[in-house]
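# Structural features, examined
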Amino acid sequence: MTLLGRLVSGTILVLILTIGVLVWAAEGTLRRDLEHDLAAGLEREARLIATALPADGPGARAAVHRFSRENGHRITIIDTLGHVLAESGVPDASVSSMENHLHRPEVQAALAGGVGTDIRMSATFGVTHLYVAVAGGPGVVRVAAPYDQVEATVHRAQAAVVWAALLALGAGLLLALIAGRSIARPLTEITQAANAIAAGRPPRFPHSGIPDVDALVSALREMHGQLNDRFEQLRHEQAETAAVIESMVEGVVAADARGRVVTANAALRRLLGYRDDEALPELAQLFRAKAARDVVDAVLRGEAIDGREVELEGRTLLATARPLPQGGAVLVFHDLTALRRLEVVRRDFVANVSHELKTPLTSISGYAETLVHDKPDAATAERFLEVILGNARRMQRLVDSLLDLSRIESGSWRPTVQPVDVGIAAREIWAGLAARAAAAGIGFEFDAEPGRTTTIDADADALRQVLTNLFDNALRYTPQGGRVSCRLRRAAGGNVVSVTDNGTGIAGEHLSRVFERFYRADPSRSRDEGGTGLGLSIVKHLVEGHGGRVWAESGLGTGTTIFVLLPDAATPSSTL
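These numbers come from a predicted model, not from an experiment. (Residues numbered from 1 in each chain as written. Predicted model: local features only at pLDDT ≥ 70, side-chain atom pairs only at ≥ 80, totals over all residues. Heavy atoms only, no water.)

### A closer look at the overall build of the chain
Stated formally: Starting at the N terminus, helices and strands are each numbered in turn, a helix being any DSSP run of H or I of at least four residues and a strand any DSSP run of E of at least two. What the globule rule says is 2.2 Å times the number of residues to the power 0.38, and the radius of gyration is computed from C-alpha atoms. Exposure classes here rest on a 1.4 Å probe applied to the protein chains alone. A residue is buried below 20% of its type maximum, exposed above 50%, and partly exposed in between. Residue burial considers only the protein chains on display, and all accessible areas are found by Shrake-Rupley using a 1.4 Å probe.
A count of helical and extended segments in the chain gives 14 helices and 17 strands. Scaling as 2.2 N^0.38, a compact globule of 576 residues should have a C-alpha radius of gyration of about 25 Å, whereas the chain reaches 64 Å, well beyond that. Principal-axis analysis of the C-alpha atoms places the extent of the chain at approximately 200 × 60 × 40 Å. Here the chain holds 576 residues, and the buried ones make up 39% of them. Summed over all atoms, the accessible surface of the chain reaches about 31,600 Å², with 57% contributed by carbon and sulfur.

Pasting the structure below:
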């Protein structure tokens with residue numbers, strides 16, 4: 001039942017109860033008052049009759065009938081023995097046959113010197129009467145009046161009270177409806193405001209003018225303000241947490257107690273190959289690799305997992321998992337693939353550097369020991385010293401190349417882009433190698449597109465180092481009487497500088513790796529000719545630092561061409 005219904009129903013019940021009590025109390029009081037008034041009147045009448053009653057019997061009976069006609073009341077004369085001497089309600093002839101009244105209550109009281117009163121059904125007339133008896137005449141004078149006068153007056157009074165009660169009930173119902181609505185309306189609006197708060201909509205708070213209800217509205221408004229502040233704080237913290245999780249390089253996934261995925265960041269989707277808008281299956285079916293499923297099963301059983309390596313689709317992941325207090329779990333996957341690859345590169349790098357240094361060191365150590373212990377002749381000693389000097393220079397070139405590569409890869413180097421004449425730079429660098437080229441009978445040419453300038457945008461020192469490494473490489477692999485050429489061509493968005501030789505060439509399976517550090521298509525020959533295995537790797541990093549790219553085209557017995565694309569107005573690459 002609604003509040004309004006309760007208020008109206010309660011008011012009606014209170015009114016009905018109150019009216020019932022009032023009717024009952026009024027009826028009892030009225031009945032007693034009427035009985036008292038009627039009894040008092042009958043007593044006075046009886047005393048008057050007793051005073052005026054003749055002493056002789058026939059006169060007394062005639063007086064009784066006369067007084068009865070005048071007053072409309074029943075009059076009875078009774079002697080001290082209870083015999084009825086006169087009765088206004090029956091013929092005189094029948095009086096002697098009436099039963100003895102000695103034991104009637106009112107008669108007993110009158111004979112005792114008092115006033116006797118009684119209400120009962122008349123045995124003679126079959127009607128309820130109010131009897132009042134006093135001592136007088138030959139014994140007792142009794143006056144009786146039908147009691148239905150009292151009942152009629154009471155009934156009329158009851159009817160009036162009932163109509164008044166109905167009128168009061170109707171007025172009370174109307175007032176209850178008005179008062180109930182005035183109370184229920186703001187409470188209903190408060191309920192609507194509370195529902196709006198629960199639904200996240202802006203609430204409308206009522207003003208009722210009722211202090212208690214307005215106090216409730218004020219408390220609800222204060223609660224709404226505090227909830228808004230806390231929700232805003234929670235949203236802010238949730239946004240921060242989501243941003244942190246999304247920015248993590250580790251893959252993060254969280255599931256509820258039923259195993260449904262509730263959070264999965266972009267890193268995890270990339271690891272598992274899911275799109276950003278693609279729905280994820282339950283946690284138990286999320287991973288295909290058995291090792292990853294074992295981690296999921298363990299954490300869903302309530303076990304904590306710390307740093308367990310799992311292989312997932314060719315990647316090495318470090319899994320950490322924690323069960324949640326209310327059920328579910330959080331799993332974090334750190335991709336170790338790049339780290340493992342770097343470890344392999346580091347091992348290979350150390351092995352390669354060690355191997356590259358071991359050969360010249362062995363030569364230096366062997367020849368130096370020979371010079372110290374065997375004391376060779378001057379010509380032999382000079383030849384040994386030349387070998388030692390050559391190997392020392394080879395080691396110096398290796399160390400310089402490693403330092404250059406380290407400086408470029410560390411990001412501390414940025415190209416200073418300026419106009420550079422490629423033709424002038426190429427001829428100057430070749431001039432520095434002319435002695436080696438002349439000894440091998442190798443020719444050189446520079447070629448540019450007709451009618452165009454040979455100036456490009458590049459870092460001058462970096463371009464010289466690129467050409468130096470490419471020319472040195474070409475000389476090393478070009479046979480006696482061969483030829484090396486440098487060409488400049490225009491390309492979309494930049495310039496292409498290429499260096500071509502007609503040497504032994506490179507097999508197709510080696511082309512994709514020639515720019516790796518220490519990689520050689522023909523290791524024995526390159527090492528014998530003093531190469532460090534770092535030249536093309538340095539070229540690649542320098543070109544990419546300009547925002548360009550480098551590639552090779554070759555075939556066995558057809559020579560090799562290295563292409564360098566340098567963009568116009570080159571800007572430093574953000575990858576360095």
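### Describing unusual backbone geometry
Glycine aside, the phi torsion of most residues is negative, and most peptide linkages are trans. The phi dihedral of K375 is positive, around 50°, even though this residue is not glycine. Mapped onto the fold, K375 is located in the loop between α8 (337-373) and α9 (378-409).

### With respect to the packing of helix α10 (residues 422-432) against helix α12 (residues 460-477)
Formally: To define axes, lines are fitted to C-alpha atoms, for helices over the stretch in contact only, and angles between the resulting N-to-C directions are given on a 0 to 180 degree scale. Comment on the angle field: the value is read as roughly parallel under 35 degrees, roughly antiparallel over 145, roughly perpendicular from 65 to 115, and oblique elsewhere. Rotating anticlockwise by less than a right angle from the far helix to the near helix defines a left-handed crossing, while the corresponding clockwise rotation defines a right-handed one. We call two residues in contact when some of their heavy atoms are within 4.5 Å. When residue character is reported, Ala, Val, Leu, Ile, Met, Phe, Trp, Tyr, Cys and Pro are called nonpolar, Asp, Glu, Lys and Arg charged, and the others, Gly included, polar.
Two elements in contact, α10 and α12, have axes whose closest approach is 10 Å; the angle formed by their N-to-C orientations is 50°. Classified by the angle between their axes, α10 and α12 sit oblique to one another. The way α10 lies across α12 gives a crossing that is right-handed. Residue-level inspection shows V422, A425, A426, E428, I429 and W430 of α10 in contact with α12, the latter providing L463, R464, L467, T468, F471 and L475. A per-class count over the contact of α10 with α12 returns nine nonpolar, one polar and two charged.

### Topic: the pairing of strand β17 (residues 560-567)
Stated precisely, the cut-off is as follows: Pairing between two strands requires that DSSP report at least two bridges joining them.
Counting buried residues in β17 gives eight out of eight residues, a clear majority hidden from the surface. Residues of β17 alternate between two faces, with T560, I562, V564 and L566 on one and T561, F563, L565 and P567 on the opposite face, all of them buried. Sheet topology places strand β15 (residues 494-501) next to β17; eight bridges connect them, and they run antiparallel. Directly across from G494, in β17, lies its bridge partner P567. The sheet contact formed by strand β16 (residues 549-554) and β17 spans six bridges and is antiparallel.

### Some words on the sheet that holds strand β7 (residues 261-264)
Ordered in space as β7-β6-β10-β9-β8, the five strands form an open sheet in which the pairing is antiparallel. The open sheet has two edge strands, β7 and β8 (305-312), and neither has a second partner. Looking at each pair of strands side by side, their axes are set apart by 20° on average, direction ignored. As paired strands, β8 and strand β9 (residues 315-323) are joined by six bridges and run antiparallel to one another. The partner of R308 across the bridge, within β9, is A319.

### Let's talk about α12
Rules: In this analysis, the expected span of each helix is defined as 1.5 Å times one less than the number of residues it contains. Within 3.5 Å is the distance limit for a polar contact, defined as a pair of N or O atoms, with the added protein rule that one can donate a hydrogen and the other accept it, and that residues adjacent in sequence qualify only through two side-chain atoms.
For α12, which comprises 18 residues, the first-to-last C-alpha distance of 26 Å matches the rise-based estimate of 26 Å (1.5 Å per residue) to within 8%. Within α12, 14 of the 18 residues are buried, leaving the element largely enclosed by the surrounding structure. Two to three positions downstream of the cap, the backbone nitrogen of D461 sits 3.1 Å from a side-chain oxygen, assigning the N-cap of α12 to D459.

### Overview of the side chain of N265
Tracing the sequence through the fold places N265 in the loop between β7 and α6 (266-272). If sequence neighbours within four positions are ignored, N265 has contacts with I245, E246, M248, E250, G251 and V252.

### Some points on the pattern of salt bridges
For clarity, the threshold we go by: Between Lys or Arg on one side and Asp or Glu on the other, a salt bridge is scored when a side-chain nitrogen of the former is within 4 Å of a carboxyl oxygen of the latter.
This structure, assessed with the given rule, holds 22 salt bridges. Across the pair R120 and E106 runs a salt bridge, and its minimum N-O distance is 2.8 Å. Of the two residues, R120 sits in strand β3 (residues 116-121) while E106 sits in helix α3 (residues 105-111), which places them 14 residues apart along the sequence. If you follow the salt bridges from partner to partner, you end up with E106, D118, R120 and R142 in one network.

### Let's talk about the sheet that holds β15
Ordered in space as β12-β14-β15-β17-β16, the five strands form an open sheet in which the pairing is mixed. Each end of this open sheet is capped by a strand with a single partner; those strands are β12 (443-448) and β16. Ignoring strand direction, the axes of neighbouring strands in this sheet form an average angle of 15°. Here α12 sits on the sheet in contact with β12, β14 (483-491), β15 and β17, set at roughly 25° to β15.

### Concerning the packing of α12 against helix α14 (residues 535-545)
Across the interface, α12 lies against α14 with an axial gap of 9 Å and an inter-helix angle of 150°. As far as their axial angle goes, α14 and α12 are roughly antiparallel. With respect to the hand of their crossing, α12 and α14 are arranged in left-handed fashion. Each of A462, Q465, V466, N469, L470 and N473 in α12 lies in contact with α14, whose residues at this interface are G535, L536, I538, V539, L542 and V543. By residue class, the composition of the contact of α12 with α14 is eight nonpolar, four polar and no charged.

### Describing the environment of Q108
Relative to the helices and strands, Q108 resides in helix α3. For the pair formed by Q108 and V140, sequence separation is 32 residues and the distance between their alpha carbons is 9.5 Å. Apart from residues lying up to four places away in sequence, Q108 is in contact with L102 and H103.

### Some words on the nonpolar core
Put simply, the test is: What we call a nonpolar core is a set of buried Ala, Val, Leu, Ile, Met, Phe, Trp, Tyr and Cys residues that are connected through their side-chain atoms within 4.5 Å.
L467, F471 and C486 are the most contacted members of the largest nonpolar core, which totals 44 residues. Among all residues touching F471, those that are not within four sequence positions of it are A426, I429, W430, L433, F444, C486 and V499. Membership of the second largest hydrophobic core comes to 25 residues, among which are Y274, F287, V296 and L331.

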